[in-house]
Amino acid sequence: MRLNILERGHRWTQKLVFKVVSWQMGHVPGPMKILTYRRGFFGAAFTDCLQQGMRDGKHWTVGELELFAAFVSKLNQCEY
């Protein structure tokens, strides 16, 4: 289920970025819409937590983490 607010509730600057991303990729990924909607309320804090959890660990390289994410996305049949 996709919330309608994520389709039309962004500021004009975000909509401009979405146009560029859509032009390059053919679509705007859902996580990008979620993390940029009301960024000060949710997106910024959640992005910081993701960054800390995924990138600050010393067990895997950045490339390995990206490969894991792509593999899980493929298993979940979603676009990465």
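Thresholds applied
- Residue numbers restart at each chain and count upward from 1, following the sequence in its written direction.
- Note on the predicted model: pLDDT of at least 70 is required for a residue's local features to be given, and 80 or more for side-chain atom pairs to be given and counted; whole-chain, interface and lining totals, by contrast, use all residues.
- No hydrogens and no water enter the side-chain calculation; it runs on all heavy atoms of the structure.
- Secondary structure elements are defined from DSSP: runs of H or I of at least 4 residues count as helices, runs of E of at least 2 residues count as strands, and each element is numbered from the N terminus.
- For every residue, the accessible area obtained with a 1.4 Å probe (protein chains only) is divided by the maximum for its type, and the residue is called buried under 20%, exposed over 50%, and partly exposed between those limits.
- We call two residues contacting when some pair of their heavy atoms lies within 4.5 Å.
- The protein chains shown are the only cover counted for residues, whose accessible areas, like all others here, come from Shrake-Rupley with a 1.4 Å probe.
- The length a helix should cover is 1.5 Å for every residue beyond the first.
- Here the arc refers to the directions that run from the helix axis out to each C-beta atom.

Participant: Is there a simple way to explain the overall build of the protein chain in this structure?
Facilitator: Helix and strand counts for the protein chain stand at five helices and zero strands. If you list the helices and strands of the protein chain from N to C, you get α-α-α-α-α. Residues classed as buried in the protein chain amount to 16% of the 80 residues present. Of the contacts made within the protein chain by residues no fewer than 6 positions apart, 29% connect residues no fewer than 24 positions apart. Summing over all exposed atoms, the protein chain offers an accessible surface of approximately 6800 Å²; the carbon and sulfur share of this is 63%.

Participant: Would you explain helix 2 (residues 12-25) in this entry?
Facilitator: Given 3.6 residues per helical turn, the α-helix brings residues three or four places apart onto the same face. For helix 2, spanning 14 residues, the distance from its first C-alpha to its last is 20 Å, which sits close to the expected 20 Å at 1.5 Å a residue. Along helix 2, the positions that sit buried rather than exposed are Gln14, Phe18 and Val21. Buried residues of helix 2, seen end-on, are gathered within an arc of 65° and therefore sit on one face of the element. Residues Trp12, Leu16, Lys19 and Trp23 are exposed on helix 2 and point more than 90 degrees away from its buried face. Buried residues belonging to helix 2 abut helix 3 (30-36).

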